[in-house]
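Reading the structure
Okay, here's what each chain looks like letter by letter:
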Amino acid sequence: MRSDIPLILAIESSCDETAAAVTWQRKVLSNVVASQIDIHRRFGGVVPEIASRNHTLALPQTVWQALMEADVPFSEIDAVAVTYGAGLQGALLSGVSYAKAMAYAAKKKLYAVNHLQGHIAANYIDCDLRPPYLCLVVSGGNTAICDVPDYLKANIMGETVDDAAGEAFDKVARVLGLPYPGGPEIEKIAKQGQAAIAFPKANLKDRPLDFSFSGLKTAVINYVHGRRQKNEDIPVTDIAASFQKAVADVLTEHTIKAARRAKRDKIVIAGGVGANGYLRETLEYAAKREGFRLFYPPLKYCGDNAAMIGVCCYYMMEKGMESAPLSLESRPSLKINDLLY
Ligand code: KG4
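In short, a report on the structure. (Residues numbered from 1 in each chain as written. Predicted model: local features only at pLDDT ≥ 70, side-chain atom pairs only at ≥ 80, totals over all residues. Heavy atoms only, no water.)

1. Notes on the overall build of the protein chain
- The helix and strand tally for the protein chain stands at 10 helices and 10 strands.
- Computed over the C-alpha atoms, the radius of gyration of the protein chain is 20 Å, within 12% of the 20 Å expected from 2.2 N^0.38 for a compact globule of 341 residues.
- Along the first, second and third principal axes, the C-alpha set of the protein chain runs to 65 × 45 × 30 Å.
- Within the protein chain, contacts between residues at least 6 apart in sequence are counted, and of these 73% link residues at least 24 apart.
- Carbon and sulfur atoms provide 51% of the accessible area of the protein chain, an area that totals close to 14,900 Å².
- Taking the 38 positively charged and 37 negatively charged side chains of the protein chain as two groups, their mean positions are separated by 3 Å. (Helix = DSSP H or I, 4+ residues; strand = E, 2+ residues; numbered from the N terminus. Rg over C-alpha atoms; globule rule 2.2 N^0.38 Å. Contact = heavy atoms within 4.5 Å. Areas by Shrake-Rupley, 256 points an atom, 1.4 Å probe, with all protein chains shown as cover. Lys, Arg positive; Asp, Glu negative; His and termini not counted. Charge placed at Lys NZ, Arg CZ, Asp CG, Glu CD.)

This is the structure in structure tokens:
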């Protein structure tokens, strides 16, 4: 390993995964994720206070395991990278406080990483992808189409005006009686159903690249309630397949439109919803037909993880960005193009 390339210890705790990783350039030496899904599932969604407390409990073990698996002593780490936004305030605070303490105690540089930039950087891991490209960011908290002219740059071309796509998956799953997180559950049962119900498209008049998923979500809820009131069966698998198709179609349509407009030849998917096989297939088919190359991360780097935070930090260091002060605060509503401390 070249010694002028930094070894990074990365920490992620923006929602319900406590994660730590050791990365070197685009390589992942370890990637540990302690998921809280089983804890939150009984409440039907993430309870912020419980998430923060569990991050605090899980962080020491998770970080230790990441260093052990990478076989790197902490003394050899050059920088500590931490997600400081966007996410849940208390959850972010747990990771930021832990990272600050480690950096201070061992006199390491601290880097504050934007979680959404991290999701984009997940595509660089073990892959030769380089900007410029068009990126569809689809996670539980965000849905946006960005032009990425360079590393760490993201110009928003379109975004949701209400719910994120992942949020819509989770809420629709809840209505259908499926456990949290709803996205993978909907994908699973949709395979047994027919996309035969015509739910409205999440389009907005005169805003061809923006989305609105709340109308689609309400249409599903009304459909279910309507059938319940008439004592009719709820065709859960068909609803799941139809809803998933409505989401994938609109994401694909807008992404292709944006890629043409931005004159990019590569399309990249980032974020948890990017794990959805139906969305990947729909976008892959459309991209091939239109002459774009499609990239998406391996499943283990789609959801929240710290490897993507470490790789993002590498590009921050490459660009000569300043390290963060120990007064760093978490920023729950950080936007995808915010890179300021
Ligand atoms: O990126 P992520 O792990 O967390 C955020 O940064 O928000 O995304 C979580 C979201 C959840 O809403 C979850 O239901 C959704 O991603 N998700 C999926 C799938 N896997 C996770 N949505 C659809 N299909 C999937 N296979």
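2. What about the packing of helix 7 (residues 214–229) against helix 8 (residues 236–262)?
- Running from amino to carboxyl end, helix 7 crosses helix 8 at an angle of 165°, the nearest separation of the two axes being 11 Å. Judged by the inter-axis angle, helix 7 sits roughly antiparallel to helix 8. The two elements helix 7 and helix 8 cross, and the hand of that crossing is right-handed. Residue-level inspection shows Leu 216, Val 220, Tyr 223 and Val 224 of helix 7 in contact with helix 8, the latter providing Ile 239, Phe 243, Ala 246 and Val 247.
- Tallied by class, residues from the contact of helix 7 with helix 8 come to 8 nonpolar, no polar and no charged. (Axes fitted to C-alpha atoms, helices over the stretch in contact; angles between N-to-C directions. Parallel < 35°, antiparallel > 145°, perpendicular 65-115°, else oblique. Left-handed = near helix turned anticlockwise from the far one by under 90°. Nonpolar A, V, L, I, M, F, W, Y, C, P; charged D, E, K, R; others polar.)

3. Details of the packing of aromatic side chains
- Evaluation of the coordinates by the stated rule reveals 8 aromatic pairs.
- With a centroid separation of 5.1 Å and an interplanar angle of 80°, the aromatic rings of Phe 169 and Phe 243 are classed as edge-to-face. A residue pair is termed long-range when its members are at least 10 positions apart, and Phe 169 in helix 5 (residues 165–175) and Phe 243 in helix 8 qualify at 74 residues. Each member of the pair, Phe 169 as well as Phe 243, is classed as buried.
- An aromatic cluster of at least three residues, connected via ring pairs, comprises Tyr 124, Tyr 133, Tyr 151, Tyr 314 and Tyr 315.
- Sitting above the plane of the Phe 74 ring, Lys 108 keeps its charged end 5.3 Å from the centroid. (Phe/Tyr/Trp six-rings, centres within 6.5 Å; stacked < 30°, edge-to-face > 60°. Buried < 20%, exposed > 50% of the residue type's maximum accessible area, 1.4 Å probe, protein only. Lys NZ or Arg CZ within 6 Å of the ring centre and 35° of its normal.)

4. As for the sheet that holds strand 4 (residues 79–85)
- If you walk across this open sheet you meet the 5 strands as 3-2-1-4-5, and the pairing is mixed. The two strands at the open ends of the sheet, each matched to only one other strand, are strand 3 (27–35) and strand 5 (109–114). The mean angle between the axes of side-by-side strands here comes to 20°, regardless of whether they run parallel or antiparallel.
- Here strand 4 runs beside strand 5; their pairing, made up of 6 bridges, is parallel. (Pairing = 2+ DSSP bridges.)

5. Section: the environment of Thr 143
- If you trace the backbone, Thr 143 turns up in strand 7 (residues 143–148).
- In sequence terms Thr 143 and Arg 293 are 150 residues apart; their C-alpha atoms lie 21 Å from each other.
- A distance of 2.7 Å separates a polar atom in the side chain of Thr 143 from the backbone nitrogen of Ala 165. (Polar contact = N/O pair within 3.5 Å; in protein donor to acceptor, adjacent residues only side chain to side chain.)

6. Here's the deal with helix 10 (residues 307–318)
- Helix length check: helix 10 (12 residues) gives 17 Å between terminal C-alpha atoms against 16 Å at 1.5 Å per residue, within 8%.
- Taking burial as the measure, the 12 residues of helix 10 include 10 buried ones, the bulk of the element.
- For helix 10, the set of buried residues is Ala 307, Met 308, Ile 309, Gly 310, Val 311, Cys 312, Cys 313, Tyr 314, Tyr 315 and Met 316.
- Contacts made by the buried residues of helix 10 are with strand 1 (7–12), strand 2 (17–24), strand 3, strand 4, strand 5 and helix 4 (115–121).
- Just past helix 10, the residue Gly 320 takes up positive phi, approximately 75°. (Expected span 1.5 Å × (residues − 1).)

7. Considering the sheet that holds strand 8 (residues 155–159)
- Ordered by their spatial adjacency, 5 strands build an open sheet running 8-7-6-9-10, and the pairing between neighbours is mixed. The open sheet has two edge strands, strand 8 and strand 10 (293–295), and neither has a second partner. Taking the axes of each pair of neighbouring strands and ignoring which way they run, one obtains an average angle of 20° across the sheet.
- Relative to strand 7, strand 6 (residues 133–138) is paired through 6 bridges, and the arrangement is antiparallel. Bridge pairing in strand 7 links Val 138 to Thr 143.
- In the packing of helix 8 onto the sheet, the strands contacted are strand 6, strand 7, strand 8 and strand 9 (266–270), and the crossing angle to strand 6 comes to about 155°.

8. Description of the site of the ligand
- What surrounds the ligand is a group of 21 residues, the closest being His 115, Gly 140, Asp 170, Glu 187 and Gly 272.
- Residue Gly 183 places a main-chain N or O atom 3.0 Å away from an oxygen atom belonging to the ligand.
- Within the side chain of Asp 304, an N or O atom sits 3.1 Å from an oxygen atom of the ligand.
- In the complex, 86% of the free accessible area of the ligand, which totals 560 Å², lies under the protein chains.
- At a threshold of 2 Å from the grid points, most atoms of the ligand map onto the largest pocket.
- Mapped onto the shell around the ligand, the elements with two or more residues apiece are helix 4, helix 5 and helix 6 (182–190).
- Counting residues per element, the shell around the ligand draws most heavily on helix 6, which supplies 4 residues.
- Split by residue class, the shell around the ligand holds 6 nonpolar, 12 polar and 3 charged. (Near = heavy atom within 4 Å. 1 Å grid on protein atoms, 1.4 Å probe; cavity = no way out; pocket = protein on both sides within 12 Å on 5 of 7 lines; lining within 4 Å. Sits in = over half its atoms within 2 Å of the grid points.)

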